[in-house]
Amino acid sequence: VVNKAGLIETVGSGEPRIDFSNDAKGALLLEPTRMNKVTYSEDFSQWTEDRVLVSDNQIISPNGILNADKISENSENNVHRLYSNTFSAVSGSDYSISVFAKKGTATVLQLGITTTSVIGTGRANFDLQNGVLGSVSGGSAIIENYGNGWYKCIFTFESLSTASAPVSFLLTNNNLTALRNPSYAGNTSQNIYLWGAQLEQGSYATSYIPNFGNSAGATRSADVCNNGGNEQVINSTEGTIFINCDFINNNGVQVLCSPNDNATNKRIEIWANSGLVTGFIGGSSNITIGSSALVNGNHKIALAYKSGNSSFYIDGVLIGSKSDSFTISALTQLSLGYFNGNQYMSESKTKDVRVYNTALTDQELQALTSN
């Protein structure tokens, strides 16, 4: 997570991940399980130097420690790159490369894969001086500002074949439109700084997973948040659940907020699947109150439930209402990103969760969810 001081830190198992990136109040970070396939994510001296020189521990990294490495060109006329251990790419699968980078005397970094059968001519160029993207092909790219001159550079692509390949980081002679693997006469005074490399299978990059030499990959388990509340504080007859969250990715099944008794037919639920967010009641009968397509980003969502009068609001707008009758037995827990012993994908930053013991009025729901 990014802590209050703006530094990246590792949170211990069983502790909530409260992330302060772009949010002074902090948000509960919920992500799916991912593996960092890069064997040495912070020690680039363990990578293969191809007409570059790695100098260990030269400046303060985004975690506040003197452990970021300097990557300098040599003077040869050829490609100037650093590449990792190989990983096994699967044809048709998505992968995301990410690294924290800071300009030195050089200002442009290129991310790619050394094997053309996996990436073709794909690559992404990043401007480390202005924090903007250069040319990108064969995938998509994002650059994120982490302060103090550091940027998280992300390149996501679909593998063109099943093959073994290393990740490569390249200097480009400060050319933001450089093609894949640019060749030029190097300059020993040209350098950039790197820390925290990651390669993960997925259509977007998640938070950093340190790997200090595990060739099998370092894995972060999926975030699970449950057992909040009990039948004494959650009203099974009527109530309102509210969540203010920032979607990291709204595809894939994920339960955003659910008072339940850990049984499939006894729950109040706000959930997302394939870009749709739904308000749902499962009791004596299953009732969908409403559904709406949402883009990634921040949304305020509320579901008021009461037999004969239930409403579903998103961002101040009524999405649906139902007059269906239902009964639900005692609701014993509140879950986020988890339900009924199943591991759902958790892909959001949760900023606020509330459970009211009465069904709020339409006017109250509109005010509560308005941005």
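Bear in mind that the values here come from a model prediction, so they are computed numbers and not experimental data. (Residues numbered from 1 in each chain as written. Predicted model: local features only at pLDDT ≥ 70, side-chain atom pairs only at ≥ 80, totals over all residues. Heavy atoms only, no water.)

## Looking at a nonpolar patch on the surface
- Taken together, the side chains of Ile60, Ile65 and Leu66 define a hydrophobic patch exposed on the protein surface, amounting to about 260 Å² of accessible area.
- Its location among the elements puts Leu66 in strand 6 (residues 66-73). (Patch = residues over 30% accessible without salt bridge, like charges linked within 9 Å, V, L, I, M, F, W, Y side chains within 5 Å. Areas by Shrake-Rupley, 256 points an atom, 1.4 Å probe, with all protein chains shown as cover. Salt bridge = Lys/Arg side-chain N within 4 Å of Asp/Glu carboxyl O. Helix = DSSP H or I, 4+ residues; strand = E, 2+ residues; numbered from the N terminus.)

## With respect to the packing of aromatic side chains
- If you walk through the whole model with that rule in mind, you get ten aromatic pairs.
- Seen from their ring centres, Phe100 and Tyr146 are 5.0 Å apart, and the 85° between their planes marks the pair as edge-to-face. A residue pair is termed long-range when its members are at least 10 positions apart, and Phe100 in strand 9 (residues 94-103) and Tyr146 in strand 13 (residues 140-147) qualify at 46 residues.
- Tyr146 sits in the partly exposed class, given a relative accessible area of 24%.
- Through a chain of ring-to-ring contacts, three or more aromatic side chains come together here, namely Phe87, Tyr95, Phe155 and Phe157.
- Seen from the ring of Tyr204, Arg34 lies directly overhead, with NZ or CZ sitting 4.7 Å from the centre. (Phe/Tyr/Trp six-rings, centres within 6.5 Å; stacked < 30°, edge-to-face > 60°. Buried < 20%, exposed > 50% of the residue type's maximum accessible area, 1.4 Å probe, protein only. Lys NZ or Arg CZ within 6 Å of the ring centre and 35° of its normal.)

## Concerning the side chain of Glu42
- Topologically, Glu42 is positioned in the loop between strand 3 (34-36) and strand 4 (48-50).
- Of the buried charged residues, Glu42 lacks a salt bridge, with Lys152 as the closest side chain of opposite charge at 12 Å.
- A distance of 3.4 Å separates a polar atom in the side chain of Glu42 from a polar atom in the side chain of Trp195.
- Apart from residues no more than four positions distant in its own chain, Glu42 is found in contact with Asn67, Asp69, Trp195, Gly196, Tyr208, Pro210 and Phe212. (Lys, Arg positive; Asp, Glu negative; His and termini not counted. Polar contact = N/O pair within 3.5 Å; in protein donor to acceptor, adjacent residues only side chain to side chain. Contact = heavy atoms within 4.5 Å.)

## Side note on helix 2 (residues 362-369)
- Along helix 2, the residues that are buried comprise Leu365, Leu368 and Thr369. Projected down its long axis, helix 2 shows its buried positions confined to an angular sector of 85°, all on one face. Pointing more than 90 degrees away from the buried face of helix 2 are the exposed residues Gln363 and Ala367.
- In this structure, the buried residues of helix 2 make contact with strand 20 (238-247), strand 25 (297-306), strand 26 (310-314) and strand 29 (348-356). (Arc of directions from axis to C-beta.)

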